[in-house]
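Spelled out, the chains give:
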Amino acid sequence: MSDTTTALSGVGIGRGLAVGPILRMPDPLPDPTDEPSSVGADAEKVRAAGALAATAADIRLRGERAGGAAKDVLDAQALMAEDPTLKDDVHARIADGKTAERAVHEAFAAFRDLLTSMGGYMGERATDLNDVSQRVVAHLQGVAAPGVPDPDHAFILVARDLAPADTALLDLDKVLALVTSDGGPTSHTAILAREKSIVAVVGANGALELEDGQVVIVDAATGTVSVSPSVDEQAAATETIAARAAVADVPVGPGALADGTAVPLLANLGSVDGAGPAIEKGAEGVGLFRTEFLFLDADRAPTVAEQQEKYTQLLTAFSGKKVVVRALDAGADKPLSFLNDEPEENPALGLRGLRALRTNEPILRDQLTALANADAATDAELWVMAPMVSTVEETRYFTKLARELGIKTAGVMIEVPAAALLADRLLPDTDFASIGTNDLTQYTLAADRLLGSVASFQDPWHPAVLRLVGEVGKAGSTLGKPVGICGEAAADPLLAVVLVGLGATSLSMSPAALADVRAELAKYTLVEAREFADIALSANSAVEARVAVLAAATSLTTTTTESE
Ligand code: PEP
Ligand code: MG
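Residues numbered from 1 in each chain as written. Chains lettered and ligands numbered in written order. Predicted model: local features only at pLDDT ≥ 70, side-chain atom pairs only at ≥ 80, totals over all residues. Heavy atoms only, no water.

### Focus: the packing of helix 3 (residues 84–95) against helix 4 (residues 100–118)
No. 1: Interhelical geometry of helix 3 versus helix 4 gives an angle of 130° and a closest axis separation of 8 Å. Classified by the interaxial angle, the pair formed by helix 3 and helix 4 is oblique. Between helix 3 and helix 4 lies a crossing whose hand is right-handed. Side by side, helix 3 and helix 4 meet where Leu86, Asp89, Val90, Arg93 and Ile94 of the first sit next to Ala100, Ala103, Val104, Glu106, Ala107, Phe108, Ala110 and Phe111 of the second.
No. 2: Across the contact of helix 3 with helix 4, the residue classes break down as 10 nonpolar, no polar and three charged. (Axes fitted to C-alpha atoms, helices over the stretch in contact; angles between N-to-C directions. Helix = DSSP H or I, 4+ residues; strand = E, 2+ residues; numbered from the N terminus. Parallel < 35°, antiparallel > 145°, perpendicular 65-115°, else oblique. Left-handed = near helix turned anticlockwise from the far one by under 90°. Contact = heavy atoms within 4.5 Å. Nonpolar A, V, L, I, M, F, W, Y, C, P; charged D, E, K, R; others polar.)

### Some remarks on the site of ligand 1
No. 1: The local shell around ligand 1 holds 16 residues, among which Arg290, Arg326, Glu415, Asn438 and Arg449 are the closest.
No. 2: Within the side chain of Arg290, one N or O atom sits 2.8 Å away from an oxygen atom of ligand 1.
No. 3: One of the backbone nitrogen or oxygen atoms of Asp439 is found 3.0 Å away from an oxygen atom of ligand 1.
No. 4: In the complex, the protein chains occlude 100% of the 290 Å² of accessible area that ligand 1 would expose alone.
No. 5: Assessed atom by atom at 2 Å from the grid points, ligand 1 resides in the second largest cavity.
No. 6: A per-element tally of the shell around ligand 1 places helix 17 (residues 437–445) first, with three residues.
No. 7: Counted by class, the shell around ligand 1 contains four nonpolar, five polar and seven charged residues. (Near = heavy atom within 4 Å. Polar contact = N/O pair within 3.5 Å; in protein donor to acceptor, adjacent residues only side chain to side chain. Areas by Shrake-Rupley, 256 points an atom, 1.4 Å probe, with all protein chains shown as cover. 1 Å grid on protein atoms, 1.4 Å probe; cavity = no way out; pocket = protein on both sides within 12 Å on 5 of 7 lines; lining within 4 Å. Sits in = over half its atoms within 2 Å of the grid points.)

### Considerations on the side chain of Glu101
No. 1: Assignment of secondary structure puts Glu101 in helix 4.
No. 2: For Glu101, a relative accessible area of 12% gives the class buried.
No. 3: Excluding residues that lie within four positions of it along the chain, Glu101 makes contacts with Pro32, Arg47, Val137, Leu140 and Gln141. (Buried < 20%, exposed > 50% of the residue type's maximum accessible area, 1.4 Å probe, protein only.)

### Thoughts on the packing of helix 13 (residues 361–376) against helix 14 (residues 392–404)
No. 1: Direction vectors running N to C along helix 13 and helix 14 enclose 50°, while the axes themselves pass 9 Å from each other. The angle between helix 13 and helix 14 places the two elements in the oblique class. For the pair helix 13 and helix 14, the sense of crossing is right-handed. Across the interface between the two elements, Glu361, Leu364, Arg365 and Leu368 of helix 13 pack against Tyr397, Phe398, Leu401, Ala402 and Glu404 of helix 14.
No. 2: In terms of residue class, the contact of helix 13 with helix 14 is made up of six nonpolar, no polar and three charged.

### Side note on the domain arrangement of the protein
Quite often, the size of an interface is put as the accessible area lost when its parts meet.
No. 1: Looking at the protein, the domain boundaries give domain 1 (6–26 + 148–247), domain 2 (41–141) and domain 3 (265–563).
No. 2: One C-alpha centre belongs to domain 2, the other to domain 3, and the line joining them spans 42 Å. (Domains from an automatic or database assignment.)

### Regarding the coordination of the magnesium ion (ligand 2)
No. 1: Only Glu415 (OE) and Asp439 (OD) from the protein reach the magnesium ion (ligand 2) as donors, at distances of 1.9 to 2.1 Å. With Glu415 in the loop between strand 13 (409–414) and helix 15 (417–421) and Asp439 in helix 17, the pair connects residues that are 24 residues apart, well separated along the chain. (Donors = N, O, S within 2.8 Å, 3.2 Å for Na, K, Ca; no water.)

### Some details on the sheet that holds strand 7 (residues 215–219)
No. 1: If you walk across this open sheet you meet the eight strands as 1-8-7-3-4-5-6-2, and the pairing is mixed. At either end of the open sheet lies a strand with only one pairing partner, and these are strand 1 (6–9) and strand 2 (11–13). Neighbour-to-neighbour, the strand axes of this sheet turn through a mean angle of 30°, independent of strand direction.
No. 2: Pairing of strand 1 with strand 8 (residues 224–227) involves four bridges; the strand directions are antiparallel. Each residue of the ladder has a partner; that of Ser9, found in strand 8, is Thr224. (Pairing = 2+ DSSP bridges.)

### A short note on the pattern of salt bridges
No. 1: Counting across every chain of the model gives 26 salt bridges.
No. 2: When the shortest N-O distance is used, the salt bridge between Asp329 and Arg326 registers 3.5 Å. When sorted by exposure, Asp329 lands in the same class as Arg326, which is buried.
No. 3: The salt bridge partner of Asp439 is Arg449, with a shortest N-O separation of 2.9 Å. Note that Asp439 is positioned in helix 17 and Arg449 in the loop between helix 17 and helix 18 (463–479), a separation of 10 residues in sequence. (Salt bridge = Lys/Arg side-chain N within 4 Å of Asp/Glu carboxyl O.)

Given below as C-alpha cells:
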C-alpha cells in the first residue's frame, strides 16, 4: 500500500478481493413535514404529477435494464406510481393545503395501511408502496432516491447495514463488493453475502465517511478497505482477481483429507435458487437449508402446500444427495412475525429457535408434514434438524415429533454451550448433531453477533468454542452419530481442518468457500488434523490458536515440499 493510502479495517467475509468506486446507500428519507404550501395548490399539483410520472418512468427504465423477474416487480411498482386513485388522493390532500411531498407521503401511507390490513399477497405489496413513495418524495426534494443505488456502472456498495431483502436482491453484475459500518461476521447480511459470493467487509468503522466515487480496494481476506489506492495498487489487485478466477475454474471432487478420510463438503443455502450454483461448485449436498429465509416477509405462517412446493424443488435439485433442512429459526435479526412478534430486550436470549416453534406447535407440525411429503415425492436423502436446542428434553421432544410426522432422520443443532457440554446425553436421543458455530461463539463469548462493537469476540478460533466443539465430536464418535459443522467457521479453510481434528464428520458452508476448504483439507492427514486441534485447544486466545496452528501447518507443508 502506498504511503498516501489509508485503510479501514473490519471483518472480512470470505477471501475475495474487489476494486472499484464506492456508492453509499442513501439513508431513508425523513417523513416530509406537515407545513402549509408556499406555492399554492395548483403549482403543488403540477409538481406532484410531474414527480409521479418521472418516478414511474425511472422505475420502468430500471426494470428494462434489469430484465427477468426484476422487470416484472419493477413494472408493478411503476404502475403504483401511475395509479389514478392514488393520484386523486394526492390532489385532494393538496387541495386541503398540503405540500406535494406531504400529500404524496400521506396518500401512499393510507394506501399502504389498506393493503396491509388485507394481508396475504396484497399485504406483501405494502413495502413496495413505501419504496415508491420515498422515490417520489426524493424526486420532489431533488435528493437521491433511497434503497440500493442503481447506476449504469459497477460499484462497491457502502451502507450502515443491509436488510436481508436488500442483500438478496443485489444486482451482482454491478455490486463488486459490500462494505458495512455495522454488523458482525455472522450477521445475516454477512451470511447472505457469503452465500452469494459477494466480496464483503462488515463492521468497518469509518465506512460511512467515504464519499461517492472514491476508489477503494476491498480485501475480505484481511478485512481491509484501502481508500484511494495508487494506480499500481489497483492494477495489482485486478491481476490477483483474474488469477483467482482462473483457480476457481479448476475441476471439483468430493472433500477428503490427504489420507483419503472422506469429509463431505455441503452447502449452506437460504433459497432454492442457490442450488444450481452450489452444485456447480461441487457441493455434495446441503448441510444447512435456512427455511426461515423463505418466509422473512410473510405476515402469516406458510401453508403446508406452499412449503411443500419449495421443499420439493429443493430436494429435486439435490436428487440422490443428502439435504439437511433446518426447521424455521426465528431469531434476533430474522424476525418472523407469525412466530415471535413480542419485543424482547435480549432477543438472542429469548423465544427463538426451537423455543419459538414449540410455543407455536401447529406451525412446526405443518413444516415437518410439508417436509415429509416433499421427501416422499423425491429421492434426496432428507435430514431435518431443530435450531437452538438447549436441553435433553428439547432434543427428545423434537426428535419424537419429527419421527411421528414421517421424518426419517431427525437431529438437533448444537448452538448453546449447555447442549455442547451435554452432547453425550443429547445424542443418544437423536440421529445427528450439527454445530452452529455462529451462535455457539456468540453464546460462549457473550458477544451479540449483530454488534459491530463486540465483533472481535465473535471468533470461532477461541479455544473455549473449540473445546465445546470437541465435546460434541467425542460424543458423536463414541455413540456413532454424525456431527456436522454448519456455522461460518467451516468456511475458514485452516479452521475447517481443526474442526475435522475435533471430530466433525462433515462441513457445510457458503458455496463460495468450498474450493478453498477442499484444497486445504487435501493437504493434511487425520493425524495431523488432530495435532492441529490439540495445538488450538492449548492456546489462550483465538489469535494465539490461529497463529499457532498456522505455524504448525506452514512447517509441515514446508517440510513436505523439501523432502519431495
Ligand atoms: C449458527 O448459528 O452457526 C447457524 C448455522 O445458524 P444461524 O447462523 O442461521 O443462526
Ligand atoms: Mg444459529
